[in-house]
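Residues per chain, in single letters:
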Amino acid sequence: MTLKFLYLLVCFYFVNGINIYPCKSCVDYIQSMVYEYFNAVLINERDEEGNYLELGKEFILVPNDHFNNLPVNISLSDVQVPTNMYNKDPAIVNGVYWSESLNKVFVDNFDRDPSLIWQYFGSAKGFFRQYPGIKWEPDENGVIAFDCRNRKWYIQAATSPKDVVILVDVSGSMKGLRLTIAKQTVSSILDTLGDDDFFNIIAYNEELHYVEPCLNGTLVQADRANKEHFREHLDKLFAKGIGMLDIALNEAFNMLNEFNHTGQGSICSQAIMLITDGAVDTYDTIFAKYNWPDRKVRIFTYLIGREAAFADNLKWMACANKGFFTQISTLADVQENVMEYLHVLSRPKVIDQEHDVVWTEAYVDSTLADDQGLVLMTTVAMPVFSKQNETRSKGILLGVVGTDVPVKELLKTIPKYKLGIHGYAFAITNNGYILTHPELRPLVILEVSSNLNDSVML
């Protein structure tokens, strides 16, 4: 039944006749009428005079046994927006506006199958629409770090598997704030990689410096342990010398080519992420040697700093290799600018209309603990694309729909009478993670947060 409801969610965007991207006059009209929505953080909040805050209207919450007696609203969804984003950004408000009709889809799904738990839509713009509606509580610093686009279910559904080489400029001109921004950019790119992806990080000046020297010339799976290991090594980078980008590009292309021929890795998309404060050349001879005319490796360039003297060269490199260029001037710019590359890598799926269903590995949901302890869950998700006419030439990823499934519900589908007395069933993901097994238990729980969708992976 779960897959049926996912298809209903996706088909909603295609058959309801909604103007997903209205014309300018429609957008102006929406903005002029000051559209307000239920913000999951601000609902039921009042100011000193007792008036509801903007975006914080009254939102009825009632404890519900099915949701572990959490106060929820089973008639409406609400919307969470990351703290680093403006609640009333036109792109956010417009997306929330046209996705409001999902309320009916969510409610109808729950009516058809009362065993459903959380249903949600994670937008490519960053907002997260969730049913049933629930209030989100920020941490002691007033921050909610949750961004749906960094969750595994979103990453796996939004893009195809990919092999990525990240090149980081550590020449003398990158000293100070620029190097800090560059490190944060690398960290944010790592956040967007999932277990289906493979990567490596190379710092360069006059020489090449693999961030993890033990992994020269190869790529590693982007699982949690490997990403954290590389993050620790990022702190050891320091800027000095002259940046020799040609050496770095040659190394990256050779690595991707050799790794692809081994039959390992994603066997799908390939990309080079270039993080630098400038390039003195377009290096077209290197691209002609390794990447043209097929352009199998996309080049994504991130210009660090406010200077734009070398922006044209970086733009050319990205455009000539089916990639994307963006400039990052401050730490606050990092998150949104990094996310842009996902739109590019999702285009093949858009063009081919690949609505692949993905399942995550088992994790612990901290909000639905029962008498037996914390509940093991998995998430099933699929991408949502625009079917506007321009999609064929550009491709627009609108977001990802998903629902959480308790592992115990999967166990109910197993025909035990066919297994015999001593038989048992188990399931693993394509990456070798256990999805369900009679002896599956959470061995170590490092941290459990009270916020919804903060969960602990096994």
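Computed from a predicted structure; not experimentally measured.

### Things to note about the overall build of the chain
Okay, step 1: Assigned secondary structure in the chain consists of 13 helices and 19 strands.
Okay, step 2: Per-residue burial over the chain gives 50% buried out of 458 residues.
Okay, step 3: Taking contacts inside the chain between residues at least 6 apart in sequence as the whole, the part at least 24 apart equals 72%.
Okay, step 4: On the chain, roughly 21100 Å² of surface is accessible, and the fraction owed to carbon and sulfur atoms is 52%.

### Here we look at the side chain of Thr403
Okay, step 1: Position of Thr403 relative to the elements: it lies in strand 16 (residues 397-406).
Okay, step 2: For Thr403, the side chain forms a polar contact with the main-chain oxygen of Trp118, separated by 2.8 Å.

### What to know about the packing of helix 6 (residues 177-191) against helix 7 (residues 224-234)
Okay, step 1: The contact between helix 6 and helix 7 brings their axes to 11 Å, and the two run at 180°. Between helix 6 and helix 7, the interaxial angle falls into the category roughly antiparallel. Note on element contacts: helix 7 touches helix 6 through Lys227, Arg231 and Leu234, opposite Lys183, Val186, Ser187, Leu190 and Asp191.
Okay, step 2: Among the residues forming the contact of helix 6 with helix 7, the class breakdown is 3 nonpolar, 1 polar and 4 charged.

### Observations regarding the pairing of strand 4 (residues 119-123)
Okay, step 1: Of all the 5 residues making up strand 4, 5 are buried; the element is thus mostly covered by neighbouring parts of the structure.
Okay, step 2: Alternating positions in strand 4 separate into two faces, Gln119, Phe121 and Ser123 on one and Tyr120 and Gly122 on the other, with burial throughout.

### Section: the confidence of the model for the chain
Detailed reading of the predicted coordinates is not advisable wherever pLDDT is low.
Okay, step 1: Averaged over every residue, the pLDDT of the chain is 85; residues scoring 70 or more account for 85%.
Okay, step 2: Below a pLDDT of 50 lies the segment residues 444-458, which in the model reaches 44 contacts outside its immediate sequence neighbourhood of four places, other chains included.

### Side note on the environment of Cys148
Okay, step 1: Looking at the secondary structure, you find Cys148 in the loop between strand 5 (128-131) and helix 5 (152-158).
Okay, step 2: A residue is classified by how much of its surface remains accessible, and Cys148, at 0% relative accessible area, is buried.
Okay, step 3: Note: C-alpha distance between Cys148 and Phe128 (20 residues apart in sequence) is 6.4 Å.

### So, the side chain of Asp169
Okay, step 1: The topology assignment puts Asp169 in strand 6 (residues 162-169).
Okay, step 2: No salt bridge forms around the buried Asp169; measuring N to O, its nearest opposite-charge neighbour Arg178 is 7.9 Å away.
Okay, step 3: For Asp169, the side chain forms a polar contact with the side chain of Ser171, separated by 2.8 Å.
Okay, step 4: A polar atom in the side chain of Asp169 sits 2.8 Å from the side chain of Thr276.
Okay, step 5: Those residues in contact with Asp169 that lie beyond four places of it in its chain are Met174, Leu179, Tyr204, Gly243, Ile275, Thr276 and Asp277.

### Some words on the pattern of salt bridges
Okay, step 1: Scanning all chains against the criterion turns up 12 salt bridges.
Okay, step 2: A salt bridge links Glu336 to Arg149, with the nearest nitrogen and oxygen atoms 2.5 Å apart. Of this pair, Glu336 sits in helix 11 (residues 334-345) while Arg149 sits in the loop between strand 5 and helix 5; the two residues are 187 residues apart in sequence, bridging distant segments of the chain.
Okay, step 3: For Glu336, a relative accessible area of 28% puts it in the partly exposed group.
Okay, step 4: Note that Arg231 is salt-bridged to Glu228, the shortest N-O span being 2.9 Å. Of the two residues, Arg231 and Glu228 are both situated in helix 7; the distance of 3 residues between them amounts to about one turn of the helix.

### Regarding the nonpolar core
Side chains of a nonpolar character, in soluble globular proteins, are inclined to be buried together.
Okay, step 1: Tyr37 and Trp153 are the most contacted members of the largest nonpolar core, which totals 49 residues.
Okay, step 2: Examining the composition of this core, we find that 6 residues originate from one element, strand 15 (residues 373-385), more than from any other.
Okay, step 3: Residues Ile201, Met273, Tyr302 and Leu345 belong to the second largest nonpolar core, which totals 36 residues.

### Topic: helix 4 (residues 102-112)
Okay, step 1: Here helix 4 has its buried residues at Leu102, Asn103, Val105, Phe106, Asn109 and Phe110. Mapping the buried residues of helix 4 onto a view down its axis gives an arc of 165°, with all of them on the same face. Residues of helix 4 that are exposed and point more than 90 degrees away from the buried face comprise Lys104 and Asp111.

About the criteria used
- Residues numbered from 1 in each chain as written.
- Predicted model: local features only at pLDDT ≥ 70, side-chain atom pairs only at ≥ 80, totals over all residues.
- Heavy atoms only, no water.
- Helix = DSSP H or I, 4+ residues; strand = E, 2+ residues; numbered from the N terminus.
- Buried < 20%, exposed > 50% of the residue type's maximum accessible area, 1.4 Å probe, protein only.
- Contact = heavy atoms within 4.5 Å.
- Areas by Shrake-Rupley, 256 points an atom, 1.4 Å probe, with all protein chains shown as cover.
- Polar contact = N/O pair within 3.5 Å; in protein donor to acceptor, adjacent residues only side chain to side chain.
- Axes fitted to C-alpha atoms, helices over the stretch in contact; angles between N-to-C directions.
- Parallel < 35°, antiparallel > 145°, perpendicular 65-115°, else oblique.
- Nonpolar A, V, L, I, M, F, W, Y, C, P; charged D, E, K, R; others polar.
- pLDDT = per-residue confidence, 0-100.
- Lys, Arg positive; Asp, Glu negative; His and termini not counted.
- Salt bridge = Lys/Arg side-chain N within 4 Å of Asp/Glu carboxyl O.
- Core = buried A, V, L, I, M, F, W, Y, C linked by side-chain atoms within 4.5 Å.
- Arc of directions from axis to C-beta.

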